[in-house]
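# Coordinates in review
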Amino acid sequence: MENSRPVSTPIDPKAPLVKADEFEPACEKQLYQQMIGSLMYLVPCTRPDLGFVVLFLFRFSSHPLLCHHTAVKRVFRYLGGTHITSLVYTRHSSMDIPLLITGYSDADYASCRDTRRSVSSHILSLHSCVISWLSKKQNSVSTSTTESEYMALATTARQAFWYISRLSQLDFTIPVKFKANNTSSINVAENPINNLKATHIDVSYYFTREHLIYKLFTLSYVPTRENLTDIMTTGLPSVLHQRHTQGLGLIE
């Protein structure tokens, strides 16, 4: 893949992939797993823009087909054109600017064609510098977009408060601001009165509501095009993908 033609996005959003039937012969299974393994090394270290695509392609590791190999090779073609891209952490010249943890949350409802589970994602930034990112398939099937978004928001909150507990040991008291692009999930979190549409949601996901009631963070709406986690939940067209990579602080 060293001399292959670069592409502008790591995955083609118009080419949906599903698991193979058992009777279809697997295509170079060991090679596929080796390629996925090397890509998984990049995601938690320096490349949040690969968070979704690597998670997505990992699903086919047990029985890859030729189409899955083609999709993985596209990721390497994308890396070939962006190999000098890196996360950049800028230094703020003014100490008067207060520290702030900003959390972006998103979910792609029922996006897994094989299990119909949703994909959760979050991005946390400290002083506009990205410090944490995650793309993960949810543990259970959501029955609505509101539920999937609410579950993603709870995961984001738990991760944010882990950082708060660590920073408090250094005598830092840092406000937290969450942003989500689903108004229904925000309403469920903000309304302390039981919402009939959300009575079936697992108790563990009400972590967000409890902390919001005690005003330990703020929660606001952000348009989908400005939600950085969109790049962590689904494949995007080139223009939008480039916009979000720049928003993440990935600079050549």
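Higher on the page you've got the structure.
The shown structure was predicted, so the numbers you read here are calculated from the model rather than taken from an experiment. (Residues numbered from 1 in each chain as written. Predicted model: local features only at pLDDT ≥ 70, side-chain atom pairs only at ≥ 80, totals over all residues. Heavy atoms only, no water.)

Here we come to the environment of Phe60. By the element assignment, Phe60 lies in the loop between helix H2 (51-58) and helix H3 (66-81). For Phe60, a relative accessible area of 2% puts it in the buried group. For Phe60 and Glu210, which are 150 residues apart along the polypeptide, the C-alpha to C-alpha distance reads 38 Å. Residues within four places of Phe60 in sequence aside, it is in contact with Leu17, Val18, Lys19, Tyr32, His68 and Asp114. (Helix = DSSP H or I, 4+ residues; strand = E, 2+ residues; numbered from the N terminus. Buried < 20%, exposed > 50% of the residue type's maximum accessible area, 1.4 Å probe, protein only. Contact = heavy atoms within 4.5 Å.)

On to the environment of Gln34, then. Structurally, the position occupied by Gln34 is in helix H1 (residues 29-42). When its relative accessible area of 48% is taken as the criterion, Gln34 is described as partly exposed. The sequence separation of Gln34 and Arg243 amounts to 209 residues, and the corresponding C-alpha distance is 30 Å.

Only one face of strand S5 (residues 176-180) is buried: it carries Val176, Phe178 and Ala180, and the other face, with Lys177 and Lys179, is open. Sheet topology places strand S2 (residues 101-108) next to S5; five bridges connect them, and they run parallel. Within S5, the position partnered with Ile101 by the bridge is Val176. Alignment of S5 against strand S6 (residues 218-221), held across four bridges, turns out to be parallel. Its bridge partner lying in S6, Lys179 is registered against Ser220. (Pairing = 2+ DSSP bridges.)

We now examine the nonpolar core. In this structure, Leu50, Leu57 and Ile123 are the most contacted members of the largest nonpolar core, which totals 32 residues. Contributing elements (two or more residues each) for this core: H1, H2, H3 and strand S4 (129-137). Ignoring any residue separated from it by four or fewer positions in sequence, one finds Leu50 in contact with Pro10, Leu42, Val43, Val75, Tyr78 and Leu79. Ranked by size, the runner-up nonpolar core spans 19 residues in total, among them Leu124, Tyr150, Ile174 and Phe178. (Core = buried A, V, L, I, M, F, W, Y, C linked by side-chain atoms within 4.5 Å.)

Another aspect to go through is the state of the cysteines. Inspection of every chain in the model, using the stated rule, returns zero disulfides. In this structure Cys27 is a free cysteine whose sulfur lies 9.2 Å from that of Cys67, the closest cysteine sulfur available. Looking at Cys67, the relative accessible area reads 36%, which means it is partly exposed. (Disulfide = S-S within 2.5 Å.)

Strand order in the open sheet formed by five strands is S4-S3-S2-S5-S6, with mixed pairing between adjacent strands. Edge strands, defined here as strands with exactly one partner in the open sheet, are S4 and S6. The average angle at which neighbouring strand axes cross in this sheet is 20 degrees, direction not considered. For S2 and strand S3 (residues 119-126), the ladder comprises eight bridges, and the chain directions are antiparallel. Counted as the bridge partner of Thr102 is Ser125 from S3. Sitting on the sheet, H2 touches S3 and S4, and the angle it makes with S4 is about 25 degrees. (Axes fitted to C-alpha atoms, helices over the stretch in contact; angles between N-to-C directions.)

A few words now on the packing of aromatic side chains. One pair of aromatic rings is described through two measures. These are the centre distance and the angle between the planes. Across all of its chains, the model carries five aromatic pairs by this definition. An angle of 90 degrees between the planes, with centres 5.4 Å apart, marks the rings of Phe56 and Phe60 as edge-to-face. Taken together, Phe52, Phe56 and Phe60 form an aromatic cluster joined through their ring pairs. (Phe/Tyr/Trp six-rings, centres within 6.5 Å; stacked < 30°, edge-to-face > 60°.)

The subject of this paragraph is the pattern of salt bridges. The final tally for this structure, using the stated rule, is one salt bridge. In this structure, Arg47 and Asp49 form a salt bridge, with 2.9 Å as the shortest nitrogen-oxygen distance. When sorted by exposure, Arg47 lands in the same class as Asp49, which is buried. (Salt bridge = Lys/Arg side-chain N within 4 Å of Asp/Glu carboxyl O.)

Attention now goes to a nonpolar patch on the surface. A cluster of nonpolar side chains, namely Ile213, Tyr214 and Leu216, defines an oily patch on the protein surface of about 340 Å² accessible area. Position of Leu216 among the secondary structure elements: in the loop between helix H6 (207-213) and S6. (Patch = residues over 30% accessible without salt bridge, like charges linked within 9 Å, V, L, I, M, F, W, Y side chains within 5 Å. Areas by Shrake-Rupley, 256 points an atom, 1.4 Å probe, with all protein chains shown as cover.)

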